[in-house]
Amino acid sequence: MAMTMSGEATLPASKEVVWAKLNDADVLKACIPGCDQLTKDDDTHMSAVVKVKLGPVKATFKGKVELTDLDPPNGYRIQGEGEGGIAGFAKGGAKVMLSDAEAGQTLLRYEVEAQVGGKLMQLGSRLIDSVSKKLADEFFANFAKAVSEG
C-alpha cells in the first residue's frame with residue numbers, strides 16, 4: 001500500500017541552524033517519535049531502530065536511512081526502509097526543502113511517499129494515514145523545540 005503526505009512548518013531559527021539540526025543524528029533521534037536508536041554510519045547514511053504503534057499493531061522497525069540530493073543549506077532527499085518482523089515492512093522517502101521566512105525564521109516543506117506491507121497493510125489506509133500525520137506533527141513539534149533551543 002502506498003501513501004503520500006506533504007506539509008510545512010515554520011521554524012524559529014535560520015536556514016543554517018535548521019540544516020545543521022537536520023543532519024545531527026542526536027537531534028533527529030530525540031525528535032523522531034519512538035526512536036530508540038539512530039546511528040550515523042557516515043555523512044549520508046544512518047541506521048535506526050524505531051518502535052511504532054499503529055492501532056492494534058506494535059512493531060519495532062530496524063532499518064537504514066540514506067540522504068541524497070544534498071543541497072546545503074536548502075534541502076535534501078531522505079530515503080529509508082525498515083523491517084518490522086511479523087508486522088511487515090515500511091519504505092519510503094521525503095524531499096525536504098528549506099527557505100527563508102520572516103524575522104530570521106525558516107520554512108521547512110516536505111513531500112513524503114511511503115509504502116507499507118505485511119500485517120500493517122491490513123490495517124487500512126485511513127488508520128495508517130492518520131497515524132503517519134500524527135507522527136509527522138509530533139516530529140515537527142519536537143524539532144521546532146530543538147531548533148529554538150539553539
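Below is a short write-up of the structure. (Residues numbered from 1 in each chain as written. Predicted model: local features only at pLDDT ≥ 70, side-chain atom pairs only at ≥ 80, totals over all residues. Heavy atoms only, no water.)

**A few points about the overall build of the chain**
Convention followed: Under the DSSP-based scheme used, a helix requires at least four consecutive residues in state H or I and a strand at least two consecutive residues in state E, with every element numbered from the N terminus. Only C-alpha atoms enter the radius of gyration, while the globule expectation follows 2.2 Å times N to the 0.38, with N the number of residues. Relative accessibility decides the category of a residue: with a 1.4 Å probe and only protein chains considered, values under 20% of the type maximum give buried, values over 50% give exposed, and everything between is partly exposed. Contact definition: two residues touch when any of their heavy atoms are within 4.5 Å. To be clear on the numbers: accessible area is Shrake-Rupley with a 1.4 Å probe, and residue cover counts the displayed protein chains and nothing else. None of His or the chain ends enter the tally, which takes Lys and Arg as positive and Asp and Glu as negative. For charged residues, the charge sits on one atom: NZ in Lys, CZ in Arg, CG in Asp, CD in Glu.
Scanning the chain for helices and strands turns up three helices and seven strands. Reading the chain from its N end, one meets helices and strands in the order β-α-α-β-β-β-β-β-β-α. For a compact globule of 150 residues, the expected C-alpha radius of gyration is about 15 Å, and the chain comes in at 15 Å, within 12% of that figure. Classification of the 150 residues of the chain by burial places 41% in the buried group. Of the contacts made within the chain by residues no fewer than 6 positions apart, 51% connect residues no fewer than 24 positions apart. Accessible surface, the chain: about 8,200 Å² in total, of which carbon and sulfur atoms supply 52%. Across the chain, the 18 positively charged side chains and the 21 negatively charged ones have centroids separated by 9 Å.

**Quick notes on helix 3 (residues 125–148)**
This is how it is decided: To estimate the expected span of a helix, subtract one from its residue number and multiply by 1.5 Å.
Helix length check: helix 3 (24 residues) gives 34 Å between terminal C-alpha atoms against 34 Å at 1.5 Å per residue, within 8%. All buried positions along helix 3 are accounted for by Ile128, Val131, Ser132, Ala136, Phe139, Phe140, Phe143, Ala146 and Val147. Buried residues belonging to helix 3 abut strand 1 (2–11), helix 1 (15–22), helix 2 (25–31), strand 3 (45–54) and strand 7 (106–117).

**Examining the sheet that holds strand 3**
Quick reminder of the rule: Pairing between two strands is assigned when DSSP locates at least 2 bridges connecting them. Lines fitted to C-alpha atoms define the axes, with helix axes restricted to the stretch in contact, and inter-axis angles between N-to-C directions lie between 0 and 180 degrees.
Spatially, the seven strands line up as an open sheet ordered 1-7-6-5-4-3-2, and their pairing is antiparallel. For this open sheet the edge positions go to strand 1 and strand 2 (35–42), each flanked by a neighbour on one side alone. Direction aside, neighbouring strands of the sheet carry axes that sit 20° apart on average. Against the sheet, helix 1 contacts strand 1, strand 4 (57–71), strand 5 (75–83), strand 6 (89–100) and strand 7, and its axis sits at roughly 160° relative to strand 6. Relative to strand 1, helix 3 is tilted by about 25°, and along the sheet it contacts strand 1, strand 3 and strand 7.

**Section: the environment of Ala136**
For Ala136, the position within the fold is in helix 3. Judged by its relative accessible area of 12%, Ala136 is buried. Spatially, the C-alpha atom of Ala136 lies 21 Å from that of Lys40, the residues being 96 residues apart in sequence. Non-local contacts of Ala136, meaning those with residues more than four positions away in its chain, are made with Met5 and Tyr110.

**A word on the environment of Glu66**
Of note, Glu66 is situated in strand 4. Along the primary structure Glu66 and Leu22 are separated by 44 residues, whereas in three dimensions their C-alpha atoms are 13 Å apart. Not counting the four nearest positions on each side in its chain, Glu66 is found in contact with Thr44, His45, Arg77, Ile78 and Gln79.

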